[in-house]
Amino acid sequence: MKTLLVTGGAGFIGANFVHYWLAQYPHDKVVVIDALTYAGNMANLAAVNNNPNFTFVQGDICNTVLVEQLLREHGVDTLVHFAAESHVDRSITGPDAFIETNILGTYSLLKAAKVVWLDGDTVVDHRFHHVSTDEVYGTLSATDPAFTEETAYAPNSPYSASKAASDHLVRAYHHTYGLNVTTSNCSNNYGPYHFPEKLIPLVITHILHNEALPIYGDGQQIRDWLYVTDHAYGIDLVLNKGRVGENYNIGGNNEWANIDIVQTICTLMDKQFANNSALAAQFPKAAAAQKGASASLITYVKDRPGHDRRYAIDATKTNNELGYQPKESFETGIAKTVAWYLNNEAWWRAVMDGSYKDWLQKQYD
Ligand code: NAD
Ligand code: TYD
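What counts and what doesn't
- Residues numbered from 1 in each chain as written.
- Chains lettered and ligands numbered in written order.
- Predicted model: local features only at pLDDT ≥ 70, side-chain atom pairs only at ≥ 80, totals over all residues.
- Heavy atoms only, no water.
- Helix = DSSP H or I, 4+ residues; strand = E, 2+ residues; numbered from the N terminus.
- Buried < 20%, exposed > 50% of the residue type's maximum accessible area, 1.4 Å probe, protein only.
- Contact = heavy atoms within 4.5 Å.
- Areas by Shrake-Rupley, 256 points an atom, 1.4 Å probe, with all protein chains shown as cover.
- Near = heavy atom within 4 Å.
- Polar contact = N/O pair within 3.5 Å; in protein donor to acceptor, adjacent residues only side chain to side chain.
- Nonpolar A, V, L, I, M, F, W, Y, C, P; charged D, E, K, R; others polar.
- pLDDT = per-residue confidence, 0-100.
- Axes fitted to C-alpha atoms, helices over the stretch in contact; angles between N-to-C directions.
- Parallel < 35°, antiparallel > 145°, perpendicular 65-115°, else oblique.
- Left-handed = near helix turned anticlockwise from the far one by under 90°.
- Phe/Tyr/Trp six-rings, centres within 6.5 Å; stacked < 30°, edge-to-face > 60°.
- Lys NZ or Arg CZ within 6 Å of the ring centre and 35° of its normal.

1. Considering the overall build of the protein chain
From N to C terminus, the protein chain includes 13 helices and 12 strands. Taking the principal axes of the C-alpha coordinates as reference, the protein chain spans close to 70 × 50 × 40 Å. Within the protein chain, the proportion of its 365 residues that are buried is 54%. For the protein chain, contacts bridging at least 24 residues in sequence account for 82% of all contacts bridging at least 6. Roughly 15,200 Å² of accessible area belongs to the protein chain as shown, and the carbon and sulfur atoms make up 50% of that amount.

2. A look at the site of ligand 1
Contacts to ligand 1 come from 28 residues, most closely from Ile 13, Asp 34, Ser 86, Tyr 159 and Lys 163. Leu 36 has a polar backbone atom sitting 3.5 Å from an oxygen atom of ligand 1. Between an oxygen atom of ligand 1 and a main-chain N or O atom of Asn 189, the distance comes to 2.9 Å. Here ligand 1 has 840 Å² of accessible area as a free molecule, and 96% of this is covered by the chains. Those elements that provide at least two residues to the shell around ligand 1 are α1 (12-24), β5 (127-133), α5 (158-177) and β7 (188-190). The greatest single-element share of the shell around ligand 1, amounting to three residues, is contributed by β5. Residues belonging to the shell around ligand 1 are distributed by class as follows: 13 nonpolar, 12 polar and three charged.

3. Examining the site of ligand 2
Taken together, 17 residues lie near ligand 2, and Glu 135, Pro 214, Arg 223, Arg 304 and His 307 sit nearest. Measuring from an oxygen atom of ligand 2, one finds a side-chain N or O atom of Arg 223 at 2.8 Å. Contact with the protein chains covers 97% of the free accessible surface of ligand 2, which is 510 Å². For the shell around ligand 2, the elements supplying multiple residues, two or more each, are α6 (199-209) and β8 (213-216). Sort the elements by how many residues they give to the shell around ligand 2 and β8 lands first, with three residues.

4. Section: the confidence of the model for the protein chain
Mean pLDDT for the protein chain: 96, with 97% of residues reaching 70 or above. Helix α13 (residues 355-364) is the least confidently modelled element of the protein chain, averaging 61 in pLDDT, while strand β1 (residues 3-7) averages 99, the highest of any element.

5. Considering the packing of α6 against helix α8 (residues 258-275)
At a minimum axis separation of 10 Å, α6 and α8 run at an interaxial angle of 40°. One finds that α6 runs oblique with respect to α8. Crossing of α6 over α8 shows right-handed handedness. Residues Leu 199, Ile 200, Val 203, Ile 204, Ile 207 and Leu 208 of α6 form the contact with α8, whose own contacting residues are Asn 258, Ile 261, Val 262, Ile 265, Cys 266, Met 269 and Phe 273. Classifying every residue of the contact of α6 with α8 gives 12 nonpolar, one polar and no charged.

6. Some remarks on the packing of aromatic side chains
Summed over all chains, the structure comprises 20 aromatic pairs. An angle of 55° between the planes, with centres 4.7 Å apart, marks the rings of Tyr 173 and Tyr 177 as tilted. Separated by four residues within a single helix, Tyr 173 and Tyr 177 lie in helix α5, roughly one turn from each other. For Tyr 173, a relative accessible area of 9% puts it in the buried group. Tyr 177 gets classed as partly exposed once you look at its relative accessible area, which sits at 41%. Ring geometry for Tyr 190 against Tyr 227: centres 5.6 Å apart, planes inclined by 70°, an arrangement best described as edge-to-face. Residue Tyr 190 is found in strand β7, and its partner Tyr 227 is found in strand β9 (residues 222-227); the two are separated by 37 residues along the sequence. Among the residues examined, Tyr 190 registers a relative accessible area of 1% and is labelled buried. Members of the aromatic cluster, connected to one another through ring pairs, are Tyr 190, Trp 225, Tyr 227, Trp 256 and Phe 330. In this arrangement the basic side chain of Lys 114 is found over the ring face of Tyr 177, its NZ or CZ atom lying 4.8 Å from the centre. Directly above the aromatic system of Tyr 233 lies the positively charged group of Lys 327, at a separation of 4.1 Å from the ring centroid.

The structure is reproduced here in C-alpha cells:
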C-alpha cells in the first residue's frame with residue numbers, strides 16, 4: 001500500500017489521476033496539495049472529497065516547510081508532481097508565475113523530499129515522480145522522426161523552458177543525492193475537467209456559445225493527443241515498473257493538425273444536436289441548434305509567437321519496457337469528452353464566468 005502526495009491534484013490531469021488512482025488502488029492514501037490558482041478547482045475533486053483515504057490541503061508547493069510537514073505527517077512514500085502553470089499562451093504574456101511554480105516550486109519539493117526521505121537517520125523507501133511534457137524537446141518538421149527519450153531538450157516557450165529546467169533539477173537530485181526519481185514526458189492530453197482555455201474544451205464550449213473558434217496561424221500545427229486517463233495509466237506503470245533515474249515518453253501515436261481536430265469536433269457536435277433535440281433547447285445560441293454548421297465559426301487569427309510546428313511522441317521505450325498501450329482510441333476518447341462537456345454545463349459555466357473570461361477577452365482586444 002502506498003501513501004501518495006499529489007501536487008496540483010485539483011487541476012485537469014492531477015484530478016483525473018486522483019480519480020484513477022483511488023479507483024485502481026482503493027486502499028492507498030492520497031493527499032493533494034494544490035494552491036487553487038485559476039486552474040485549480042475543488043469541483044474537480046468532488047467525487048473523492050468524502051473518501052476517507054483522500055485528504056486535500058490548500059497550499060503552495062513553494063512552501064518547503066509545509067511540504068516537509070505533509071510528507072512526515074502522512075508518512076508519504078510516493079510524490080507525484082503535477083502542479084504547474086501549464087498554458088503556453090499565458091507563459092508568453094506573463095512568464096513570472098511559470099518560473100516561480102515550475103522551477104522554484106519543483107526545487108522546493110526536491111529539497112523537502114531530500115530532507116524527509118534521505119537526510120534522516122534511516123533512508124525512507126520512496127519515489128519522486130515528476131510529470132513533464134513533450135514540449136521540452138522543442139519542435140519537429142513534418143518529416144522529422146518523433147521525440148524519443150534521447151532527443152536533446154530544446155524548449156521554445158517560457159512554459160516549456162520552465163518545465164525543462166524542472167526536469168533537469170529532478171535529474172540532478174537523482175544523480176547527486178540519490179533521490180529515487182522518475183520523469184514522464186507526455187503529449188497533449190484531453191478529456192473531462194480540461195480547462196476551457198486549451199484548444200479542445202475551448203472549441204466545444206465556444207460552439208455551445210456560438211463564439212468564434214480561433215485557429216492560430218494556418219492551423220497546420222500538429223499535436224499528438226492522448227486521453228487523460230491513459231496518461232494516468234502510463235504514470236501508474238512508471239511508478240510500479242519504471243526504473244529509477246529514467247525518463248519515459250507517454251503518447252497516443254495520434255497526430256492531428258489543429259484545423260483537422262477543430263473540424264472533427266464541429267462535425268461531432270453537429271451530429272449530437274441532430275440526434276438529440278433536447279440540446280437545441282439547452283444551448284439555443286449554438287449554430288447547430290438552428291441546423292447551422294458549427295464549422296462556420298472557424299476563424300483564422302494571428303499566430304502564437306514562437307509557435308511550435310509539430311510535436312510527436314515515440315513511446316517505444318515505455319511500450320516495450322512497461323507494456324504500455326493507451327486504452328482509448330481517439331474516436332472513443334473524443335466522443336467521451338464531448339459527452340462530458342454536454343453533461344457538465346454547470347462545471348464549465350462556473351469556470352468560464354470567473355477571472356478566465358477577462359483574461360480571454362484581453363487576448364482578442
Ligand atoms: P492545470 O493548469 O490544469 O493544473 C495545474 C494545477 O496546479 C492547478 O490545480 C493549480 O491550482 C495547481 N498549481 C499551480 N501552481 C501551484 C503552486 N504554486 N502550488 C500548488 N499548486 C499549484 O495543468 P494540467 O494540464 O493538469 O497539467 C498538469 C501537469 O502535467 C503539468 O505539470 C503539465 O506541465 C503536465 N503536462 C500537461 C499536459 C497537457 O496536455 N495538459 C501534457 C503533458 C504534461
Ligand atoms: P493548447 O491546447 O494551448 O496546447 P499546447 O500549446 O500546449 O500544445 O494548444 C494546442 C494547439 O492548438 C496549439 O498548436 C495552439 C493551437 N490553438 C489554436 O489554434 N487556437 C486556440 O484558441 C488555442 C487555445 C490553441
